[in-house]
Amino acid sequence: MSRGTGPLRIVPTLLILALITSTGCISISEPPAINESAYMEGEARYYEGVNLTPIAQQGNFMFNGTQFIDKDDYSIRVDGLVDKPLELDYDDLLAYPNTSRAVRLNSVDGWSFDAKWTGVPLRILLDEAGVNESAKTVIFYAPDGYSTSLELDYILENDIILAYRLNDITLPPERGFPVQVVAEGKYGYKWAKWVVLIEVTDEPYRGYWERRGYSNRANVGEFEYEIP
Ligand SMILES: Nc1nc2c(c(=O)[nH]1)N[C@H]1C(S)=C(S)[C@@H](COP(=O)(O)O)O[C@H]1N2
Ligand SMILES: [Mo]
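All figures in this text were calculated on a predicted structure; none of them were measured in a lab.

**Remarks on the side chain of Thr 118**
Step number 1: Checked against the element boundaries, Thr 118 lands in strand S6 (residues 112–121).
Step number 2: For Thr 118, a relative accessible area of 2% puts it in the buried group.
Step number 3: What Thr 118 contacts, discounting residues up to four positions off in sequence, is Asn 98, Thr 99, Ser 100, Ile 161, Ala 163, Tyr 164 and Arg 165.

Shown next as structure tokens:
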């Protein structure tokens, strides 16, 4: 009897562990082993104590194909519960003060990478537009039909960046040119790419993946599905 107890207890534990790991309930977010020769010319390799993943080795996801946006046709609007809606073109965006930060993007699919992101702090645009007292949520829309939202307080408290450069390189089309939201601490589906409209509202908003069951909080490390 006692000889069998040990292994018999271990087997179910291993089975449960194997199940959890294979269904993805434990997300593995180790950065990939960096291949030195994968960096592009002029690409940053190291920033704020972080070894940056080469762009060529970074993950990339979109539900409806790459949006090819012409820099000369591009404009982004800040609208909704604001005093003065803004309409900015690409050069206007680049003329604002910018910030850089090393931030990891964690996808719900288990991949992740570390990059240096450079762009305009959203706070600057929201301040200029004059966000109303009642505002709670900021919605990001893209021409592929994608949308997602972030809470205004989260954006302001974390100084969230609207990025136009990645590892010192202009965002490539498939990575969201002209801009991607760097939703630090949130899963990849909150990192809207190809943003053309930023809408301020006083209501909660569920975007493309959030309407399909993903958590509207989307905090990395938390359960990624909405608990019914
Ligand atoms: N416009 C738009 N933005 C998007 C998506 C999309 O399909 N369309 N996919 C999201 C998802 S699910 C992820 S994981 C990240 C991936 O960002 P990356 O391609 O820069 O790694 O983009 C997010 N932003
Ligand atoms: Mo994703």
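**As for the pairing of strand S12 (residues 197–201)**
Step number 1: When strand S3 (residues 75–80) meets S12, the two strands line up parallel, connected through four bridges. By the bridge assignment, Gly 80 is partnered in S12 with Val 200.

**Here we look at the site of ligand 1**
Step number 1: The local shell around ligand 1 holds 20 residues, among which Gly 59, Asn 60, Phe 63, Asp 144 and Lys 193 are the closest.
Step number 2: With respect to ligand 1, the side chain of Asn 60 contributes an N or O atom lying 2.8 Å from an oxygen atom.
Step number 3: Contacts to ligand 1 include Phe 63, whose backbone N or O atom sits 2.8 Å from an oxygen atom.
Step number 4: A total of 540 Å² of accessible area belongs to ligand 1 in isolation, and the protein chains cover 97% of it.
Step number 5: Here ligand 1 is seated within the largest pocket.
Step number 6: Broken down by class, the residue content of the shell around ligand 1 amounts to 13 nonpolar, four polar and three charged.

**Notes on the side chain of Arg 101**
Step number 1: Within the secondary structure, Arg 101 sits in strand S5 (residues 99–106).
Step number 2: Residue class for Arg 101 comes out buried when judged on its relative accessible area of 15%.
Step number 3: Polar contacts involving the side chain of Arg 101 include one to the main-chain carbonyl oxygen of Asn 158, which spans 3.3 Å.
Step number 4: Engagement of the side chain of Arg 101 in a polar contact is seen with the backbone oxygen of Asp 159, the distance being 2.8 Å.
Step number 5: Apart from the residues within four sequence positions on either side, Arg 101 is in contact with Tyr 47, Glu 48, Ala 115, Lys 116, Trp 117, Asn 158, Asp 159, Ile 161 and Glu 184.

**A few points about the nonpolar core**
Step number 1: Formed by 55 residues in total, the largest nonpolar core has its most connected members in Ile 76, Trp 117, Leu 125, Phe 140, Ile 155, Val 181 and Ile 198.
Step number 2: If near-sequence neighbours (up to four positions away) are discounted, Leu 125 is found in contact with Val 78, Leu 86, Leu 88, Leu 93, Tyr 96, Val 120 and Leu 162.

**Quick word on the layout of surface pockets**
Step number 1: Its volume calculated, the largest pocket comes out at about 410 Å³.
Step number 2: Every residue lining the largest pocket is counted, 25 residues in all, and those nearest its centre are Phe 61, Tyr 146, Gly 188, Tyr 189 and Trp 209.
Step number 3: A class-by-class count of the residues in the lining of the largest pocket yields 16 nonpolar, five polar and four charged.
Step number 4: Approximately 340 Å³ is the volume found for the second largest pocket.

The rules we used
- All residue numbers refer to position in the chain's written sequence, counted from 1.
- Think of it this way: whatever chain is written first is A, whatever ligand is written first is 1, and the rest follow in order.
- The predicted nature of this model means local features are confined to residues of pLDDT at least 70 and side-chain atom pairs, given and counted, to a pLDDT of 80 or more, with totals for whole chains, interfaces and linings taken over all residues.
- With hydrogens and water stripped out, all remaining heavy atoms of the structure feed into the side-chain values.
- The secondary structure listing takes helices from DSSP runs of H or I that are at least 4 residues long and strands from runs of E that are at least 2 residues long, numbered from the N terminus.
- Burial here depends on accessible area, computed with a 1.4 Å probe over protein chains only, as a share of the maximum for the residue type. Under 20% is buried, over 50% is exposed, and the range in between is partly exposed.
- Contact criterion: two residues are considered in contact whenever any of their non-hydrogen atoms come within 4.5 Å of each other.
- Think of it this way: DSSP has to see at least two bridges between two strands before they count as a pair.
- Near is defined per residue: the residue qualifies when any heavy atom it owns lies within 4 Å of the molecule or strand.
- Under this definition, polar contacts are N or O atom pairs within 3.5 Å; protein pairs additionally need one hydrogen-donor-capable and one acceptor-capable atom, and for neighbouring residues in sequence, both atoms have to be side-chain atoms.
- The method behind every accessible area is Shrake-Rupley, applied with a 1.4 Å probe, and residues are considered shielded solely by the protein chains displayed.
- Using protein atoms alone on a 1 Å grid, points that fit a 1.4 Å probe yet trap it form a cavity, whereas open point sets bounded by protein on both sides within 12 Å along at least five of seven lines form a pocket; residues with an atom within 4 Å of a point count as lining.
- Throughout, a molecule is located in a cavity or pocket provided that more than half of its atoms lie within 2 Å of its grid points.
- For this scheme, ten residues count as nonpolar: Ala, Val, Leu, Ile, Met, Phe, Trp, Tyr, Cys and Pro. Four count as charged, namely Asp, Glu, Lys and Arg, and the remainder, Gly too, count as polar.
- To qualify as a nonpolar core, a set must consist of buried Ala, Val, Leu, Ile, Met, Phe, Trp, Tyr and Cys residues joined through side-chain atoms within 4.5 Å.
- Grid points are joined across faces, edges and corners, and a volume is the space filled by probe spheres set on the points.

Distances and angles like these do not, on their own, reveal function.
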